[in-house]
Amino acid sequence: MFYSSSHLLLHRCFSTYTIPHSTSISVRSSSSLQEIPKSTPESKEQGGPTSLLYSSTPFPPIKAAKRVVLVRHGQSTWNEEGRIQGSSDFSVLTQKGEAQAETSRQMLADDAFDVCFSSPLIRSKRTAEMIWDTRKEEIITEYDLREIDLYSFQGLLKHEGKAKFGAAFRQWQVDAANFNIDGHYPVRELWARARSCWTKILTHESKSVLVVAHNAVNQALVATAIGLGTEYFRILLQSNCGVSVLDFTPQADGGPPYICLNRLNQGLSLLVPKKLCPSLTRAVDWTPSSPIAGGSSGGRKTNKRIILVCHGSQANTEVSFPNLGDQPMNMLGVIQAQKTAELLLDLTVNCIITSSKVASVETANAISRVQEAADCLGADCVPRYVEMKQMQSLDVEKVLGQSKQDATEVPQQPGWINGFEDGVVMRALWDQSGKAWESLLEELSDEEKIVVVVGHPAVHIALIGRCLNLSKEWMGSFHLDAGSISVLDFPDGPGRRGVVRCINYTAHLGRWSIPITRSTSDDEEF
């Protein structure tokens, strides 16, 4: 059985659930708009979920598997100006925004959708119309998909908001969950609104759904789906025209669906890396932002980053992914590793940390070779040394191999990690990831550092949970594929919760990537 334990936690107030093959845990949730405690280093050390969830009403049951694809609108005129938009409707797509929407249309052109839900705001409706293109099905305008209501903030440039509102603007920046303006708590209202949207989306008779909306509301949709509270605002990034995918799987007994975040903030970069073409003096990027682009994360500058790279596909094709054997990569895996190395070309990677397993080492070597040659395209250049280490706590194949579940019975489904239903194995995986996480945070102690971590998808799923200050019960809420990358930024330093820039990013793999959606005709399983 494939279940999202985090989602089970979503549906009751003040209740205790017994997760199959794991310990019982209690999560408090509330439908009231009460103050949310800020995350502290002490709460991070304690581990486990800190979310206060906003509805005691369970998600409605579904009859068949449903995939929901979220897209943020393209760049708008107010995005370009740095003006606070909120739910105002005075901005339109820029030329760059139109180009981003066109790129998203091409990326999703061959994907089958049954219906499209769109925000009523012009910038989102235009993006939806461009992506939907010649499809005959209607676009449903949903008022609750509008952007966050920011009341008196709307229309102000950011420096104007700071000058006019002072302490309130500062709270909006550092403690958005408790931010109050004009008698409203915008982020809390947004979370409740996102919850309402899910009811409408899940009760619609469709199997593949496109939702085109905005930055904040898409964050809220992702967070409420997997059971995270308002303190996760600005933690799960949504770039202009970035794509996120959620899978909903029905329960046999008709209960609320199991939910898995299949990918977060997928884009499609069409730019040639500058280091491959030194003659380029200026590159105009009119595509959805690359997940490795430098600059800010959640509106804050960052110079500390962990890039999780899943090793390429392995040679033993008789065992379904994720392969548990210590096998070298097959030809597809070699291509995936090279594509990943090229994606990272414009970054100066300081250190590559890898599992000792063959496929991980091969992937790490491919990245290292490209990094060391990146600054050596001229005749007089000297190759740059990239430190490479092996970390035993990243070796989880032996732990997973202890499961009573046959590896051949673990299919490539959303939340596949729940195929290992042995609680002892999951606990051991989680505990081992904690050792790896502590070591990785120590690596970020330098003033500016980018660390690439190569390993099995299972350990990376656990590391994402560690980054978000979750517990082991959340691991089934995330999905990773071979050759994918996930990017974690630390704008507040490695001692605080990280910002997730993307999860399961595979656009760099081109024709070798897994499609955003898959055909649902004839009740085909995702």
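Keep in mind that what you see is a predicted model, and the values were worked out from it rather than measured.

**As for the overall build of the protein chain**
Step number 1: In terms of helices and strands, the protein chain carries 14 helices and 16 strands.
Step number 2: Across the 526 residues that make up the protein chain, the buried fraction comes to 59%.
Step number 3: Here the analysis covers contacts within the protein chain between residues at least 6 apart in sequence; of these, 75% occur between residues at least 24 apart.
Step number 4: When the accessible surface of the protein chain is split by element, carbon and sulfur atoms take 49% of a total near 21,000 Å².

**Quick look at helix α8 (residues 186–203)**
Step number 1: Here α8 contains 18 residues, and its C-alpha end-to-end distance of 26 Å stays within 8% of the 26 Å for a straight helix at 1.5 Å per residue.
Step number 2: Buried within α8 are the following residues: Pro186, Val187, Arg188, Leu190, Trp191, Arg193, Ala194, Arg195, Cys197, Trp198, Ile201 and Leu202.
Step number 3: Residues of α8 that are buried in the fold lie against β3 (66–72), β4 (115–118), α7 (167–174), β6 (208–213), α9 (215–226) and β7 (243–249).

**Considering the nonpolar core**
Step number 1: Membership of the largest hydrophobic core comes to 89 residues, with the highest contact counts inside it found for Trp172, Trp198 and Leu246.
Step number 2: Aside from chain neighbours lying at most four places away, what touches Leu246 is Lys66, Arg67, Val68, Leu70, Trp198, Val222, Ala225, Ile226, Ile259, Cys260, Leu261 and Asn262.
Step number 3: Judged by nonpolar contacts, the second largest core, of 23 residues, contains Leu344, Leu345, Ile485 and Val487.

**Section: the packing of aromatic side chains**
Step number 1: Counted under the stated rule, the structure contains ten aromatic pairs.
Step number 2: Plain terms: the ring middles of Trp198 and Phe248 are 5.0 Å apart, the flat faces sit at 55° to each other, and that makes the pair tilted. One end of the pair, Trp198, is in helix α8; the other, Phe248, is in strand β7, with 50 residues separating them in the sequence. Each member of the pair, Trp198 as well as Phe248, carries the same accessibility label: buried.
Step number 3: Counting every residue linked through ring pairs, the aromatic cluster contains Phe153, Phe165, Phe169, Trp172, Phe179, Trp191 and Phe233.
Step number 4: For the cation-ring pair, Arg83 lies above Trp78, with the distance from its terminal atom to the ring centre recorded as 5.8 Å.
Step number 5: Its end group placed over the ring of Trp132, Arg135 keeps NZ or CZ at 5.1 Å from the ring centre.

**Considerations on the packing of helix α13 (residues 423–443) against helix α14 (residues 457–467)**
Step number 1: Contact geometry for α13 and α14: axes closest at 9 Å, N-to-C directions at 65°. One way to sum up the angle between α13 and α14 is to call them roughly perpendicular. Pair α13 / α14 crosses with right-handed handedness. Contact with α13, carried on its side by Leu429, Trp430, Asp431, Ser433, Gly434, Ala436, Trp437 and Leu440, involves Ala458, Val459, Ala462, Leu463, Gly465, Arg466 and Cys467 of α14 and no other residues of that element.
Step number 2: When the residues that make up the contact of α13 with α14 are grouped by side-chain class, the tally is ten nonpolar, three polar and two charged.

**Details of the pairing of β3**
Step number 1: Across the seven residues that make up β3, a large majority, seven, are buried.
Step number 2: By the alternation rule, side chains of β3 split into Lys66, Val68, Leu70 and Arg72 and Arg67, Val69 and Val71, which are all buried.
Step number 3: As paired elements, β3 and β7 share six bridges and run antiparallel to each other. Residue Arg67 lies in a different strand from β7, and its bridge partner there is Asp247.

**Section: the pattern of salt bridges**
Step number 1: Throughout the structure, instances matching the rule amount to 16 salt bridges.
Step number 2: Lys200 is the salt-bridge partner of Glu142, the closest N and O atoms lying 2.9 Å from each other. Placement of the pair is Glu142 in the loop between β5 (139–141) and α6 (158–165) and Lys200 in helix α8, with a sequence separation of 58 residues.
Step number 3: By sharing partners, the salt bridges in this structure join Glu142, Asp144, Arg146, Asp149, Arg193 and Lys200 into a single network.

**Observations concerning the side chain of Asp395**
Step number 1: In this fold, Asp395 is placed in the loop between β13 (387–390) and α12 (397–401).
Step number 2: Of the side chains with opposite charge, Lys357 lies nearest to the buried Asp395, which makes no salt bridge, at 5.2 Å.
Step number 3: For Asp395, the side chain forms a polar contact with the side chain of Ser355, separated by 2.4 Å.

**Observations concerning the pairing of strand β14 (residues 449–455)**
Step number 1: Counting buried positions over the seven residues of β14 gives seven, a clear majority of the element.
Step number 2: The two faces of β14 match: Lys449, Val451, Val453 and Gly455 on one face and Ile450, Val452 and Val454 on the other face are all buried.
Step number 3: Both strand β11 (residues 304–310) and β14 contribute to a ladder of seven bridges, which runs parallel. Bridged to Ile306 within β14 is Val451.
Step number 4: Relative to β14, strand β12 (residues 351–354) runs parallel, the two being bridged by four bridges. Bridging across to β14, Ile352 finds its partner in Val452.

**Observations concerning the packing of helix α10 (residues 331–343) against helix α11 (residues 358–374)**
Step number 1: In contact at an axis separation of 8 Å, α10 and α11 are set at 35° when each is read in the N-to-C sense. The two elements α10 and α11 meet at a crossing, and its hand is right-handed. Contact residues: Ala337, Gln338, Thr340 and Ala341 in α10; Thr363, Ala366, Ile367 and Val370 in α11.
Step number 2: Of the residues assigned to the contact of α10 with α11, the class counts are five nonpolar, three polar and no charged.

Calculation rules
- Residues numbered from 1 in each chain as written.
- Predicted model: local features only at pLDDT ≥ 70, side-chain atom pairs only at ≥ 80, totals over all residues.
- Heavy atoms only, no water.
- Helix = DSSP H or I, 4+ residues; strand = E, 2+ residues; numbered from the N terminus.
- Buried < 20%, exposed > 50% of the residue type's maximum accessible area, 1.4 Å probe, protein only.
- Contact = heavy atoms within 4.5 Å.
- Areas by Shrake-Rupley, 256 points an atom, 1.4 Å probe, with all protein chains shown as cover.
- Expected span 1.5 Å × (residues − 1).
- Core = buried A, V, L, I, M, F, W, Y, C linked by side-chain atoms within 4.5 Å.
- Phe/Tyr/Trp six-rings, centres within 6.5 Å; stacked < 30°, edge-to-face > 60°.
- Lys NZ or Arg CZ within 6 Å of the ring centre and 35° of its normal.
- Axes fitted to C-alpha atoms, helices over the stretch in contact; angles between N-to-C directions.
- Parallel < 35°, antiparallel > 145°, perpendicular 65-115°, else oblique.
- Left-handed = near helix turned anticlockwise from the far one by under 90°.
- Nonpolar A, V, L, I, M, F, W, Y, C, P; charged D, E, K, R; others polar.
- Pairing = 2+ DSSP bridges.
- Salt bridge = Lys/Arg side-chain N within 4 Å of Asp/Glu carboxyl O.
- Lys, Arg positive; Asp, Glu negative; His and termini not counted.
- Polar contact = N/O pair within 3.5 Å; in protein donor to acceptor, adjacent residues only side chain to side chain.

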